[in-house]
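The primary structure of each chain is shown beneath.
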Amino acid sequence: MQEFHEHRRATAWARKSLGAVADSPRDTAGAADATEFRISAGDRLRIDALETGRLYRHVTGIDHEARLMTPQELAELGDPMATVLFRRNIFPMTVQELLAALPQPTTPSQQAVYLISEAGQIPPDTAPGLHRDIRFAITRCVQGRDVDLLVSTGANADPATTFLQVAAWDPIAKVFNYYMRITPTWVWAGNSWSALAPGSRGNGCFDSHINGSVVMKELRQPWLNWQSQAATIQLAPDDPLRGDPLYQQVSGAQNLELTVRSLVSRWTAARLAAVTADGTIEHPDHLLRHLFTTTSVNLTSSATQSATITPTGDDLPLPAGLWLNNDALLDDLALPATASLPLAPASRYVDSLTTFGFRLEEKAGGFSRTGDSFFAFVTPEAAYEDNDVVRQMVQQAIIPAKFAACALMVDFTNPVFSTDRARLMAYVPTAPTAVAALSDRIVQAILAAAAKLPATSPEARFAAAWNLTDNSWATTFAQRIDTYLGHVTARIRTPSGFDDYVRLAESRRREFRAMRLNEFELTLPVTDIPADAPRLTMLEDATVTP
C-alpha cells in the first residue's frame, strides 16, 4: 500500500496516507491522490470531507476530528493569514499564490528567503540517486515593520503537493498561530499556548514547536545544512530550481538566525507577561522546566569543514556547547571565567573518523559515504528557547540570578540531558504560587532534602552552591569552570581523552535521535558505537563515565 508522508519536521506536521501506515522519509509521487491525513495516532482527517474556501481547526491531542472554525473564532485570529487572507475568503494553495496574495513588499527587508537541505553539501554528481529534500524558509513583514509571517515549503517538489505550513504572529493575542494547507483548504493547528497545554503538548506541530515558538535547530554559525556565508547548497547545473524566482532571492542563514532569536524572545516576553500578570504563576513547573530540564536543543558544530582537516593541520576548536552552557553561564549570567575553550589535535579527530566508523547514511535511498558531516563534530547544545526563558525570568526578577546559576552549576559539565539537574524538578511547585515566593519555596524544599542526602546528590550540590555568600558565588562558579576546562584541555590531547569525548558527543546525539526534532537521516553522522551503548556523563575532572 502506498503512503505519502509529509516531512515530520517543524514545518510539516501531518501525513497523507492511502491504506496502511508505513513511515516514509520523504515526499512520494502521487500525493495529490491521497484522501486522508494521519495527524497522529488515532486522529484522522478526511481530505475529501474538507470544503474549499473554509478554515478548519485541528489541534492534535485536543481535536480528534477537524471541524470548521466558527465566524467568531476566525474573527479572534489577528495574524496576517487570518486578517489578510482567510477573512477575505482567500485560500492560496501554493507558496507562490500565498506570497502573491499578501501585500507586496515595498522594501527588500520585508521579505527574505532561505534554503536548507541535509544533503545540500553532498555534490549532486557523486550521489545522483540521493533525494536532496531542499526546503525554503521565508520570512515576511505584513502588518508592520517586524517579521510576522514565516513560511516553510518544499523547494524541489511540486508546489501544489509538497508541504506548506505557516507560523503567523498575532499582535493582539501575542501568540504564533500555526497553519497548514491541506488541499483544498487550510487548517489551523493551534497557537503558542497549545504547545503548553497538557493535551496538545508534544503532539502535531508541537512535537517540534515544543514551547510554542518558531524553530531553527541549527541556530549558530556555521548554520549546519543551511545556505549561508559559511556554505552554499550545491545544485546540479541543470537543476530546475535554479530558475525558481524564490531560489534567486535566497540569502544567508546568518540573517535568519537573528530573526529567529528575536521571534523566540518576542513569544517568551509575551508568555512571561501573561503568566505573571496578577503576581501569581499558575503553573510554575512550566517555566522552571526550562532551567532544570532539556525541553529542546539546538545543533552546533565546529566551523571547520571536516574534509579540510588533515592530521598535520591546526588544532580544532570543538563547539563550546559540548563542554558547557556557555550562553547561559558566561553570557547571560556573566560568570567571570577566563579559561580558553579546549582545542583538539587535528590528528586525534582524523583518527577518530576511522576508529569509530563515521559515515553519512540515508538508508531509504541506499546512500552511504564514509566521513563526518560537512562541518566537523555536530553535537546537541542547550536550546536558545530554554535559555531565553531563564534569561528573561532573571531580568524580570521572577528568579534571582544566583538561583539560576546554582541550578545550572549542579551539573554544568552536562549542558543537555542532565538527569541530575532534572531531578530538582521534584521540588518545583505545580500549584499556583506567588512570584515573590517562588524561588524561596524551591530553595527551601531542596535544602530540606539535601540535609538528609549524600554530599554527592544533586540536592546537596545545589545547597552547597546556594550557601555561598552573595559576594563569592559568581567567582567560585567561574573558578570551577576554569578548572574544568583546564582538565578538558589536558585530556583532549590524549588518545583516550579524545575518544571519550567522541563517545560523549555520540551519546548526546543518540538522545537527540529519540526526539521528534530528529527528522532526517542525514542531519547527523552515524558511527559504529552501538545504539544501545550506555548513556554517558561528563564529570568536573573531565572524565566520562556511564
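Just so you know, these numbers come straight off a predicted model, no measurement behind them.

What counts, and where the lines are drawn
Residues numbered from 1 in each chain as written. Predicted model: local features only at pLDDT ≥ 70, side-chain atom pairs only at ≥ 80, totals over all residues. Heavy atoms only, no water. 1 Å grid on protein atoms, 1.4 Å probe; cavity = no way out; pocket = protein on both sides within 12 Å on 5 of 7 lines; lining within 4 Å. Points joined across faces, edges and corners; volume = space filled by probe spheres on them. Helix = DSSP H or I, 4+ residues; strand = E, 2+ residues; numbered from the N terminus. Nonpolar A, V, L, I, M, F, W, Y, C, P; charged D, E, K, R; others polar. Expected span 1.5 Å × (residues − 1). Buried < 20%, exposed > 50% of the residue type's maximum accessible area, 1.4 Å probe, protein only. Contact = heavy atoms within 4.5 Å. Pairing = 2+ DSSP bridges. Domains from an automatic or database assignment. Buried area = accessible area lost by both parts, 1.4 Å probe. Salt bridge = Lys/Arg side-chain N within 4 Å of Asp/Glu carboxyl O. Polar contact = N/O pair within 3.5 Å; in protein donor to acceptor, adjacent residues only side chain to side chain. Axes fitted to C-alpha atoms, helices over the stretch in contact; angles between N-to-C directions. Left-handed = near helix turned anticlockwise from the far one by under 90°.

### Focus on the layout of surface pockets
Turning to step 1, where the next piece is worked out: Reported here for the second largest pocket is a volume of approximately 320 Å³.
Turning to step 2, where the next piece is worked out: With 3 residues, helix 14 (residues 495–513) is the largest single contributor of residues to the lining of the second largest pocket.
Turning to step 3, where the next piece is worked out: Across the lining of the second largest pocket, the residue classes tally to 9 nonpolar, 6 polar and 8 charged.

### With respect to helix 8 (residues 384–395)
Turning to step 1, where the next piece is worked out: Along its 12 residues, helix 8 runs 16 Å from first to last C-alpha, staying within 8% of the 16 Å computed at 1.5 Å per residue.
Turning to step 2, where the next piece is worked out: Across the 12 residues of helix 8, 10 count as buried, placing the element largely inside the fold.
Turning to step 3, where the next piece is worked out: Among all positions in helix 8, only Y384, E385, D386, N387, D388, V389, V390, R391, Q392 and M393 are buried.
Turning to step 4, where the next piece is worked out: Structurally, helix 8 contributes buried residues whose contacts are with helix 4 (253–275), helix 5 (284–292), strand 14 (297–300), helix 6 (326–332), strand 19 (379–382) and helix 9 (401–409).
Turning to step 5, where the next piece is worked out: Looking one or two places after helix 8, you find A397, whose phi comes out positive at around 60 degrees.

### Quick look at the pairing of strand 12 (residues 185–191)
The two faces of the sheet receive side chains in turn, since in a regular strand these alternate between them.
Turning to step 1, where the next piece is worked out: Across the 7 residues that make up strand 12, a large majority, 7, are buried.
Turning to step 2, where the next piece is worked out: Sheet analysis places strand 5 (residues 55–57) next to strand 12, joined by 3 bridges and oriented parallel. Residue pairing in the sheet places L55 in a bridge with W186 of strand 12.
Turning to step 3, where the next piece is worked out: Taken together, the 6 bridges between strand 11 (residues 175–182) and strand 12 define a ladder with antiparallel strand orientation. Bridge pairing links Y178 to G190 in strand 12.
Turning to step 4, where the next piece is worked out: Hairpin connection from strand 11 to strand 12: 2 residues lie between these consecutive antiparallel strands.

### Quick look at the domain arrangement of the protein
Turning to step 1, where the next piece is worked out: As far as domains go, the protein holds domain 1 (8–257) and domain 2 (276–545).
Turning to step 2, where the next piece is worked out: The centre of domain 1, based on its C-alpha atoms, is set 30 Å off from the matching centre of domain 2.
Turning to step 3, where the next piece is worked out: The interface of domain 1 with domain 2 comprises 33 residues on the first partner and 32 residues on the second.
Turning to step 4, where the next piece is worked out: Between domain 1 and domain 2 lies a buried interface of about 2900 Å² when both sides are counted; carbon and sulfur atoms form 57% of it.
Turning to step 5, where the next piece is worked out: When residues of domain 1 are sorted by the area they lose upon contact with domain 2, K217, R220 and L224 head the list and together hold 24% of the total.
Turning to step 6, where the next piece is worked out: On the surface where domain 1 and domain 2 come into contact, there are 4 salt bridges.
Turning to step 7, where the next piece is worked out: The salt bridge partner of R220 is D327, with a shortest N-O separation of 2.5 Å.
Turning to step 8, where the next piece is worked out: Where domain 1 meets domain 2, there are 8 residue pairs in polar contact (both at pLDDT 80 or more).
Turning to step 9, where the next piece is worked out: When its residues are assigned to classes, the side of domain 1 that touches domain 2 shows 16 nonpolar, 6 polar and 11 charged.

### Here we look at the environment of V435
Turning to step 1, where the next piece is worked out: Tracing the backbone shows V435 in helix 11 (residues 435–450).
Turning to step 2, where the next piece is worked out: Residues V435 and T126, spaced 309 residues apart in sequence, show a C-alpha to C-alpha distance of 58 Å.
Turning to step 3, where the next piece is worked out: Beyond its immediate chain neighbours, meaning those up to four positions away, V435 contacts T276, G279, T280, I281 and I398.

### Here we look at the packing of helix 9 against helix 12 (residues 458–466)
Turning to step 1, where the next piece is worked out: One can describe the packing of helix 9 onto helix 12 by two numbers: an axis separation of 9 Å at closest approach and a directional angle of 140 degrees. The way helix 9 lies across helix 12 gives a crossing that is right-handed. Mapping the contact onto sequence places K402, F403, C406 and A407 in helix 9 and F462, A465 and W466 in helix 12.
Turning to step 2, where the next piece is worked out: Across the contact of helix 9 with helix 12, the residue classes break down as 6 nonpolar, no polar and 1 charged.

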